[in-house]
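Chain residues, written in single-letter form:
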Amino acid sequence: MLVVKGANKMDVIGNIIEKAKSNIKKIVLAEGSEARNLKAAEIALKERIADIVLLGNEAEIKAAAKGLNISGAEIIDPANSPKSEEYAQAFYELRKHKGMTIEKAREIVKDPMYYGCMMVKEDDADGLVSGAIHATADLLRPAFQIIKTAPGVSVVSSSFIMIVPNCNLGADGVLLYSDCGVIPNPTAEELASIAIAAARTMKTLVGVEPIVAMLSFSTKGSAEHELVDKVRKATELAKKIAPDLQIDGELQADAALVPEVAELKAPGSKVAGHANVLIFPDLQAGNIGYKLTQRLAKAEAIGPLLQGLAKPVNDLSRGCSPEDIVAEIAITSVEAQGN
Ligand SMILES: CC(C)(COP(=O)(O)OP(=O)(O)OC[C@H]1O[C@@H](n2cnc3c(N)ncnc32)[C@H](O)[C@@H]1OP(=O)(O)O)[C@@H](O)C(=O)NCCC(=O)NCCS
Ligand SMILES: CC(=O)OP(=O)(O)O
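Values in this document were obtained by computation on a predicted structure and should not be read as measured data. (Residues numbered from 1 in each chain as written. Chains lettered and ligands numbered in written order. Predicted model: local features only at pLDDT ≥ 70, side-chain atom pairs only at ≥ 80, totals over all residues. Heavy atoms only, no water.)

Okay, the UniProt feature "domain: Phosphate acetyl/butaryl transferase" (unreviewed entry) in the chain next. The UniProt record annotates "domain: Phosphate acetyl/butaryl transferase" (unreviewed entry) at residues 13-332. Helix makes up 46% of residues 13-332 and strand 17%, with an end-to-end C-alpha separation of 12 Å. (UniProt positions renumbered as here; feature names shortened; annotations may be inferred. Helix = DSSP H or I, 4+ residues; strand = E, 2+ residues; numbered from the N terminus.)

Right under this line is the structure:
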């Protein structure tokens with residue numbers, strides 16, 4: 001069903017799907033009438049990966065789903081739902097310190113992404129996937145306002161699982177890239193948090209021991225610039241916060257990935273040449289880097305997977321396929337199993 005291109009030995013997404021099937025969760029697709037979401041819903045229902053809630057106008061969803069079997073999905077119209085008033089009251093309570101009024105809250109929860117986040121917040125669903133037609137910020141705002149960060153987490157960031165065909169770098173062609181979706185210009189402290197969160201995502205979702213490279217245009221002092229200083233500071237902070245983590249920086253991407261280059265540029269580093277988690281210094285680098293790998297190396301790019309939220313909500317790229325959405329449904333389910 002899911003096409004994993006190339007010859008990676010690890011069936012990352014297959015393993016996650018099997019785990020999702022072992023304890024079925026209820027996942028909301030906020031863009032319920034969109035064609036790729038409907039195809040993904042059909043696959044997820046047929047293969048018993050998750051119970052699916054489609055948000056949107058029932059007639060529109062049914063018309064868009066012509067030829068697909070989505071009969072097992074629950075359809076909820078946020079603009080006309082018996083739960084709307086309860087969610088509006090709860091949203092008003094969450095946001096009244098920010099000037100929210102009950103009248104505005106009633107309007108806002110008609111937006112499927114706000115309604116869906118309220119479903120997850122109120123335990124009426126286990127997780128949410130959205131972003132095939134909406135920009136990332138449209139999902140991040142309701143997620144930040146309603147779901148909020150997990151206890152002890154300062155910032156939410158994101159990761160992509162990158163599955164690069166016919167490649168043995170990283171963990172046999174499987175890598176985690178972070179942050180490619182959320183924090184435009186992280187401080188050194190935020191960059192350290194991103195690294196620690198991404199390492200955790202690699203371990204818990206992919207099942208691989210993380211080896212973390214803090215990327216830069218410099219390797220171990222080959223260039224001097226304030227941008228490099230930020231990466232060095234973030235590396236030191238992450239080492240202090242997580243002393244057992246295999247992490248090193250600052251490293252250029254070739255030094256991080258390729259053993260021969262690592263020997264020349266960063267001799268003695270245990271991370272250089274073996275990294276499987278790549279931490280980008282800012283969102284320009286991260287977002288460009290993942291899209292280049294996806295399009296030029298024909299990699300699967302699953303994400304942006306949000307890390308640090310109190311409950312599972314995951315974003316998609318507007319360039320995603322139905323199979324990418326199925327993978328995120330499974331990932332969101334597995335995250336919900338851990339809650
Ligand atoms: C995430 C984003 C939308 C927040 O922007 P913003 O609304 O201007 O941010 P604000 O500073 O006004 O914060 C809004 C709320 O979100 C919270 N917030 C912002 N960034 C956060 C983060 N990384 N983690 C947790 N909470 C965050 C703020 O604390 C604030 O909460 P409050 O209203 O309860 O006080 C913005 O950072 C963004 O656009 N990021 C890039 C998204 C993107 O385009 N990615 C590329 C494609 S994937
Ligand atoms: C993650 C990302 O870049 O999303 P989009 O392609 O939708 O902007």
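What follows is about the site of ligand 2. Every residue close to ligand 2 is listed here: T136, F160, N287, Y290, K291, P304, S317 and R318. Measuring from an oxygen atom of ligand 2, one finds a side-chain N or O atom of K291 at 2.7 Å. When the free accessible area of ligand 2 is taken as 260 Å², the share hidden by the protein chains comes to 87%. The dominant element in the shell around ligand 2, judged by the number of residues it contributes, is helix 13 (residues 283-296), at three residues. Here the shell around ligand 2 is built from residues that sort into three nonpolar, three polar and two charged. (Near = heavy atom within 4 Å. Polar contact = N/O pair within 3.5 Å; in protein donor to acceptor, adjacent residues only side chain to side chain. Areas by Shrake-Rupley, 256 points an atom, 1.4 Å probe, with all protein chains shown as cover. Nonpolar A, V, L, I, M, F, W, Y, C, P; charged D, E, K, R; others polar.)

With that settled, the discussion passes to the confidence of the model for the chain. Mean pLDDT over the chain: 95, with 97% of residues reaching 70 or higher. In the predicted structure, residues 1-7 sits below a pLDDT of 50 and forms 20 contacts with residues beyond four places in sequence or in another chain. (pLDDT = per-residue confidence, 0-100. Contact = heavy atoms within 4.5 Å.)

Taken together, 16 residues lie near ligand 1, and R95, K98, T136, V156 and V182 sit nearest. The separation between an oxygen atom of ligand 1 and a polar side-chain atom of R95 is 2.8 Å. Computed on the free molecule, ligand 1 has an accessible area of 950 Å², of which 59% lies beneath the protein chains in the complex. Tallying contributions element by element places helix 7 (residues 136-147) first for the shell around ligand 1, with five residues. Class assignment for the residues of the shell around ligand 1 results in nine nonpolar, four polar and three charged.

Here we come to the pairing of strand 8 (residues 246-251). Across the six residues of strand 8, five count as buried, placing the element largely inside the fold. Pairing of strand 7 (residues 211-215) with strand 8, which is carried by five bridges, proceeds in the parallel orientation. Across the sheet, the residue bridging to M214 is G249, located in strand 8. (Buried < 20%, exposed > 50% of the residue type's maximum accessible area, 1.4 Å probe, protein only. Pairing = 2+ DSSP bridges.)

A few words on a nonpolar patch on the surface. A cluster of nonpolar side chains, contributed by I288, L292 and L296, occupies part of the molecular surface with about 330 Å² of accessible area. Take L296: it is sitting in helix 13. Its relative accessible area of 70% is what places L296 among the exposed residues. (Patch = residues over 30% accessible without salt bridge, like charges linked within 9 Å, V, L, I, M, F, W, Y side chains within 5 Å. Salt bridge = Lys/Arg side-chain N within 4 Å of Asp/Glu carboxyl O.)

With that out of the way, let us pick up the nonpolar core. Generally speaking, nonpolar side chains in soluble globular proteins are found buried as a group. Ranked by size, the top nonpolar core spans 94 residues in total, and within it I52, I161 and I329 carry the most contacts. Here this core gets ten residues from one element, more than from any other, and that element is helix 9 (residues 188-206). Setting aside residues no more than four positions away along its own chain, I329 makes contact with I27, L29, A40, A44, I49, A50, I52 and V129. With 23 residues, the next largest nonpolar core counts L251, A272, F280 and A301 among its residues. (Core = buried A, V, L, I, M, F, W, Y, C linked by side-chain atoms within 4.5 Å.)

Turning to the environment of I102, a few remarks are in order. Relative to the assigned elements, I102 resides in helix 5 (residues 102-108). Overall, the relative accessible area of 17% leaves I102 in the buried class. Spatially, the C-alpha atoms of I102 and V174 are 47 Å apart, while their sequence positions differ by 72 residues. Other than its neighbours up to four places away in sequence, I102 contacts A88, Q89 and Y92.

Counted residue by residue, strand 5 (residues 157-163) has seven buried out of seven residues, so it is predominantly covered. Residue alternation in strand 5 divides its side chains into two sets, S157, S159, I161 and I163 and S158, F160 and M162, and both sets are buried. Where strand 5 lies against strand 10 (residues 300-307), six bridges are found, and the strand directions are antiparallel. Within strand 10, the position partnered with S158 by the bridge is L306.

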